[in-house]
Amino acid sequence: MPDVQSETQALIKAILHSDEYTAYQRLGNLMAQDDSVRSRVNQYRRETFDLYNRIDLENPGQALEHIRHQFADVLEKTDVRDYLAAEQALITLMKEVFDSIGGAVDFNLDCLKE
């Protein structure tokens, strides 16, 4: 177990020093300087997150376009677009890490099929 914990700490350190994470942090700090922009960006993130987690939508593309239109005032800002792109890059990195670990560990999840 100590080896796993040590390697976990090494993985955390690697993530915290990755280009994806440092860009996300740097751009997030820019967002924090303007409370109104930060608030609007967080509102946009919350609404798109909710949209992506809904399964009852007939036309999710139209719903997403509606949300983008609602938040056009902040989405037109380069810093905001860069921040959202950095967030997506970090999400992709984390998903790849989770998928790699989950794919390599053989868990019996038959209980989910029944």
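What counts, and at which threshold
- Residues numbered from 1 in each chain as written.
- Predicted model: local features only at pLDDT ≥ 70, side-chain atom pairs only at ≥ 80, totals over all residues.
- Heavy atoms only, no water.
- Core = buried A, V, L, I, M, F, W, Y, C linked by side-chain atoms within 4.5 Å.
- Buried < 20%, exposed > 50% of the residue type's maximum accessible area, 1.4 Å probe, protein only.
- Helix = DSSP H or I, 4+ residues; strand = E, 2+ residues; numbered from the N terminus.
- 1 Å grid on protein atoms, 1.4 Å probe; cavity = no way out; pocket = protein on both sides within 12 Å on 5 of 7 lines; lining within 4 Å.
- Points joined across faces, edges and corners; volume = space filled by probe spheres on them.
- Nonpolar A, V, L, I, M, F, W, Y, C, P; charged D, E, K, R; others polar.
- Phe/Tyr/Trp six-rings, centres within 6.5 Å; stacked < 30°, edge-to-face > 60°.

Colleague: Can you tell me about the nonpolar core, naming the residues and giving the values?
Modeller: Among the nonpolar cores identified, the biggest contains 21 residues, and Val41, Val80, Tyr83 and Leu84 are the most heavily contacted of them. For this core, the secondary structure elements donating two or more residues are helix 2 (19-32), helix 3 (35-52), helix 4 (60-70), helix 5 (72-75) and helix 6 (78-104). No other element matches helix 6, which puts seven residues into this core.

Colleague: Give me the layout of surface pockets: which residues, what numbers.
Modeller: Gaps left between atoms are located by rolling a probe of water-molecule size over the structure's atoms. Taken as a whole, the largest pocket spans an internal volume of roughly 380 Å³. Lining of the largest pocket is provided by Tyr44, Arg45, Thr48, Phe49, Tyr52, Asn53, Leu64, Arg68, Leu84, Glu87, Gln88 and Ile91. For the lining of the largest pocket, the secondary-structure elements that each account for two or more residues are helix 3, helix 4 and helix 6. Sort the elements by how many residues they give to the lining of the largest pocket and helix 3 lands first, with five residues. For the lining of the largest pocket, the per-class residue count stands at six nonpolar, three polar and three charged.

Colleague: If you had to explain the packing of aromatic side chains to someone new, which residues and values would you point to?
Modeller: The full count for this structure, using the stated rule, is two aromatic pairs. Arranged with centres 5.5 Å apart and planes meeting at 20°, the rings of Tyr24 and Tyr83 form a pair that is stacked. With a gap of 59 residues between them, Tyr24 in helix 2 and Tyr83 in helix 6 connect regions that are remote in the sequence. Exposure remark for Tyr83: the relative accessible area of 7% places this residue in the buried category. Each ring, one from Tyr44 and one from Phe71, has its centre 5.6 Å from the other, and the planes form 65°; the classification is edge-to-face. Here the residue Tyr44 occupies a position in helix 3, and Phe71 occupies one in the loop between helix 4 and helix 5, the gap between them amounting to 27 residues. For the pair Tyr44 and Phe71, one class covers both residues: buried.

Any functional reading would require information beyond the geometric quantities listed.
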